[in-house]
Amino acid sequence: MPNPFSFSKDLGIDLGTIHTRIANGSGVLVEEPTIVAIVIQEQKIVSLGKEAQGMQGRVSDETIEVANPLKNGVVADYEITEALLHYLLRRVSGPMRLFRPRVMITVPYGVTSVELRAVHEAVLQAGSRDAYLIQQPLAAALGADLPIGSPSGNMIICLGGGVTQAAVISMYGIVTADTMRSGGIQLDEAIITYVRKKYGVIIGPTTAEQLKIKIGAAVPLDKEEGLEVQGQDQVSGLPRPVTITTGEVVEALQEPLRQIVETCRRVLEKTPPELVSDIIDRGVALCGGGALLRGTDKLLTKALGIPAYVVDNPDTCVAEGAFKALGLYAILKRNLPPV
Ligand SMILES: Nc1ncnc2c1ncn2[C@@H]1O[C@H](COP(=O)(O)OP(=O)(O)OP(=O)(O)O)[C@@H](O)[C@H]1O
Ligand SMILES: [Mg+2]
């Protein structure tokens, strides 16, 4: 990790449902789960990020609440969001009195003005000097170095934990886009439902995510894998192991993946033909944690009829692009969400 103190006057923040990442010109300085642990009685924060995540499911939920302040990409708990941002900004900027950073923070495309203001206000209160907002797909395209400054069509799909966004960008602006308020978390839920219906076994969200990451795929693979996981018998309530295969995960994910495909199709349908022809030449860029699901590129290539590829920095392009956007602020200004 680079020493952030000497050059963190400008920062890009990707405020995600699952992860919050802060970047400057040297790359990502901080990556933490968007999670906070609070002592319920005193309403006091005891830990944030990874440490708080480690408490999830391991502490009495009557005394300590482990909360995620974002839901589907937007702020669900304003105070906790502000506290988390304050802590993370202090970590990269040092004592705030000396050094208040200028921040570009991301929001999902198409959220309401109330939701925009919540993010803007939270990051200002958290200690930034100036704060600007940028739509996530635009930041992602900048971070992935797509040639979006030219009058040509560039398509990027952000597959996050809580939101899925597809956008076509030209001349630094979003031409057509759509946001679906669901993402990787809903894929995990589909696995939970599948295992319960097929085997009568209840598995937790972390187990479902492990199945998705370790053996899962968006399309059937040549090599079938299996993974034994621990669940709870739906009837007796007793522990019961169950072995799940790649094919079963693929089957479980079909419906939520179909919805993702539909969202991308709708965006292409409303995109002017000239831009579509550029996209056919250049391909569709995929980013976000969901782009790492095996076979996602294949699924989208087949469904859209346009080659889809995962960018080199699928996890970090949004934060890195937000930082870059500060340098391009004069050009980007007219295309950023108003606050
Ligand atoms: N190898 C993988 N295969 C499948 N899914 C993965 C993989 N790695 C991470 N994910 C999923 O990616 C999601 C997290 O992605 P990401 O960090 O981009 O989300 P986020 O930016 O916090 O959320 P959002 O942008 O929706 O607000 C999780 O649902 C996680 O399960
Ligand atoms: Mg994201």
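Residues numbered from 1 in each chain as written. Chains lettered and ligands numbered in written order. Predicted model: local features only at pLDDT ≥ 70, side-chain atom pairs only at ≥ 80, totals over all residues.

Overview of the sheet that holds strand β16 (residues 239-245)
Just so we agree on the cut-off: Two strands make a pair as long as DSSP finds a minimum of two bridges between them. Helix and strand assignments follow DSSP, with helices taken as H or I runs no shorter than four residues and strands as E runs no shorter than two, numbered in order from the N terminus.
Read across the sheet, three strands follow the order β14-β15-β16 without closing on themselves; strand pairing throughout is antiparallel. With one partner strand each, in any of the chains shown, β14 (201-202) and β16 form the two edges of the open sheet. Taken together, the two bridges between β14 and strand β15 (residues 226-233) define a ladder with antiparallel strand orientation. Of the residues in β15, the one forming a bridge with I202 is Q232.

What to know about the domain arrangement of the chain
Note the cut-off: Domain start and stop points were drawn from an automatic or database domain assignment. Two residues qualify as a contact pair if the distance between their C-beta atoms, derived from the backbone, is within 7 Å.
Here the chain is partitioned into domain 1 (5-34 + 69-139 + 318-335) and domain 2 (150-311). Facing 17 residues of domain 1, the contacting portion of domain 2 comprises 17 residues. Every element with two or more residues in the side of domain 1 that touches domain 2 is listed here: β7 (70-71), α4 (136-143) and α11 (329-332). In terms of residue count, α4 provides more of the side of domain 1 that touches domain 2 than any other element does, three residues in total.

Some thoughts on the nonpolar core
Condition: Here a nonpolar core is just a set of buried residues of the types Ala, Val, Leu, Ile, Met, Phe, Trp, Tyr and Cys, joined wherever their C-beta atoms sit within 7 Å. To assign burial, the other C-beta atoms lying within 10 Å of each residue's own C-beta are counted, with C-beta atoms placed from the backbone; 20 or more indicates buried, 12 or fewer indicates exposed, and intermediate counts indicate partly exposed.
I105, I156, L286, C287 and A322 are the most contacted members of the largest nonpolar core, which totals 96 residues. If you tally residues by element for this core, the top one is helix α7 (residues 246-269), at nine residues. Looking at this core, you find at least three residues from each of domain 1 (5-34 + 69-139 + 318-335) and domain 2 (150-311). When residues no more than four places from it in sequence are discounted, the contact partners of L286 are I157, L159, A291, T296, D297, L300, A308, Y309, V310, V311 and P314.

Here's the deal with the sheet that holds strand β3 (residues 27-33)
Think of a sheet as strands paired side by side through backbone hydrogen bonds, with each pair either parallel or antiparallel. Using the following cut-off: Angles here are taken between N-to-C directions and fall from 0 to 180 degrees, while the axes themselves are lines fitted to C-alpha atoms, restricted in helices to the stretch in contact.
In space, the five strands of this open sheet follow the order β3-β2-β1-β9-β10, with mixed pairing throughout. Sheet topology places β3 and β10 (130-135) at the edges, where each strand pairs with a single neighbour. This sheet shows a mean twist of 20° between the axes of neighbouring strands, independent of strand direction. Pairing analysis gives six bridges linking strand β9 (residues 102-107) to β10, with the strands arranged parallel. Its bridge partner lying in β10, R102 is registered against D130. Where helix α2 (residues 78-93) meets the sheet, its contacts fall on β1 (10-15), β2 (19-24) and β3, and the angle it forms with β3 comes to roughly 145°. Contacting β1, β9 and β10, helix α3 (residues 113-125) runs over the sheet at an angle of about 145° to β10.

Observations concerning helix α9 (residues 296-304)
Short version of the rule: It is the directions from the helix axis to the C-beta atoms whose arc is reported.
Restricting attention to buried positions, one finds in α9 the residues T296, L299, L300 and L304. Angularly, the buried residues of α9 cover 105° about the axis, an arc narrow enough to put them on a single face. Contacts from the buried residues of α9 go to α7, β17 (284-287) and β18 (308-310). Once α9 finishes, G305 follows within two positions and takes phi at roughly 70°, a positive value.

Digging into the site of ligand 1
What counts, and what does not: Each residue receives a C-beta atom placed from its backbone. It is near a molecule or strand if this atom lies within 6 Å of it. All residues other than Ala, Val, Leu, Ile, Met, Phe, Trp, Tyr, Cys, Pro, Asp, Glu, Lys and Arg, Gly among them, are scored as polar; the first ten of these are nonpolar and the last four charged.
Not every one of the 20 residues close to ligand 1 is listed here, only the nearest: G16, I18, G160, G184 and G289. Those elements giving two or more residues to the shell around ligand 1 turn out to be α5 (184-199) and α6 (205-214). Residue contributions to the shell around ligand 1 peak at three residues, all from α6. Here the shell around ligand 1 is built from residues that sort into six nonpolar, 12 polar and two charged.

Some words on the confidence of the model for the chain
Using the following cut-off: On a range of 0 to 100, pLDDT expresses the predictor's confidence in each residue.
Of all residues in the chain, 96% attain a pLDDT of 70 or more, and the chain-wide mean is 95. The low-confidence segment residues 1-7, where pLDDT is below 50, has eight contacts with residues more than four positions distant or belonging to other chains.

Here we look at α4
For an α-helix the count is 3.6 residues per turn, leaving residues at separations of three or four pointing the same way. The buried fraction of α4 is high, at eight of eight residues. D145 sits one or two residues past α4 and shows a positive phi near 60°.

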